[in-house]
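What the coordinates show
Residues per chain, in single letters:
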Amino acid sequence: LLPKGTPLVSVEIEPLFAAIASKVVEHAGLRDVVSVEIGSVLERLPAIQRKHGDGPLTTLLLDHKVSEFLPDLRFLEEKAFIDKHTKVLCDWNLYPGSAESEQAPRVGQQFMEYLEKRAGAEQKGVRTMRHMLGDKEVFTVSEWAGVV
């Protein structure tokens, strides 16, 4: 997904999850490529800009509250961090292996309507990939590109 030399920045609001993510990154030997910021996108964007500069993101993975997908996307658009080449990925699972009844909604209606309106008639639709482990869904990602 990322071109060689492109940094990956993870913004994690929960300090415990950020610590776990940092250890996983370190264990994988990716400390020079991946950084983990603790806080919200709104809070951490100035620090991310200082470290990595301004400009559009190559890829954005939204993996938090579905209700926050649209406000975060709009905020990043306003700050010129999203353009027509940015891939927007959304993980709809509440947590890996959660039962179907415990899943976050697959379609955050306002978010989907916003992306479809932005994409225009020629790019309507979504590509969704589901990854299973036995009968448990562990990772579900929807992808859009060229929405801005």
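Check the entry above for the structure.
Residues numbered from 1 in each chain as written. Predicted model: local features only at pLDDT ≥ 70, side-chain atom pairs only at ≥ 80, totals over all residues. Heavy atoms only, no water.

Section: the overall build of the protein chain
If you tally the helices and strands in the protein chain, you get four helices and six strands. When its helices and strands are written in sequence order, the protein chain yields β-α-β-α-β-α-β-α-β-β. For the protein chain, the residues scored as buried account for 33% of the 148 residues in total. Intrachain contacts of the protein chain at a sequence separation of at least 6 include 66% that bridge at least 24 residues. Just so you have it, the protein chain exposes about 9,400 Å², and 56% of that area is on carbon and sulfur atoms. (Helix = DSSP H or I, 4+ residues; strand = E, 2+ residues; numbered from the N terminus. Buried < 20%, exposed > 50% of the residue type's maximum accessible area, 1.4 Å probe, protein only. Contact = heavy atoms within 4.5 Å. Areas by Shrake-Rupley, 256 points an atom, 1.4 Å probe, with all protein chains shown as cover.)

Comments concerning the pattern of salt bridges
For the coordinates displayed, the defined rule picks out two salt bridges. For Arg 44, the salt bridge goes to Glu 37, with nearest N and O atoms at 2.5 Å. Residue classification places Glu 37 among the buried residues on the basis of a relative accessible area of 3%. Residues Glu 37 and Lys 51 are paired through a salt bridge, measuring 2.5 Å at the closest nitrogen-oxygen approach. Here Glu 37 is found in strand S2 (residues 34–38), whereas its partner Lys 51 is found in helix H2 (residues 41–52), with 14 residues between them in sequence. Put simply, Glu 37, Arg 44 and Lys 51 are held in one network by salt bridges that share partners. (Salt bridge = Lys/Arg side-chain N within 4 Å of Asp/Glu carboxyl O.)

Re H2
Counting along an α-helix, one turn takes 3.6 residues, and residues three or four places apart therefore face a common direction. For H2, with twelve residues, the first-to-last C-alpha span of 14 Å runs short of the 16 Å given by 1.5 Å per residue. Residues of H2 that are buried include every one of Val 41, Leu 45, Ala 47 and Ile 48, and no others. Tucked into the core, H2 has its buried residues touching strand S1 (8–12), S2 and helix H3 (66–78). Count one or two residues on from H2 and you reach Gly 53, which has phi positive near 85°. (Expected span 1.5 Å × (residues − 1).)

Comments concerning the packing of H2 against H3
Running from amino to carboxyl end, H2 crosses H3 at an angle of 30°, the nearest separation of the two axes being 11 Å. Classed by the angle they form, the pair H2 and H3 counts as roughly parallel. Read as a crossing pair, H2 and H3 show a hand that is right-handed. Residues Val 41, Leu 42 and Leu 45 of H2 form the contact with H3, whose own contacting residues are Asp 72, Phe 75 and Leu 76. (Axes fitted to C-alpha atoms, helices over the stretch in contact; angles between N-to-C directions. Parallel < 35°, antiparallel > 145°, perpendicular 65-115°, else oblique. Left-handed = near helix turned anticlockwise from the far one by under 90°.)

Side note on the environment of Ala 21
If you trace the backbone, Ala 21 turns up in helix H1 (residues 15–27). Here the alpha-carbon distance between Ala 21 and Ser 10, two residues eleven residues apart in the chain, equals 8.6 Å.

Some thoughts on unusual backbone geometry
Comment: phi is negative for the bulk of residues other than glycine, and the bulk of peptide bonds are trans. With a phi angle near 65°, Ala 80 is a residue other than glycine that sits in the positive phi range. Look at Ala 80 and you get partly exposed, because its relative accessible area is 46%.

Such coordinate-based values are descriptive only and should not be taken to indicate function.
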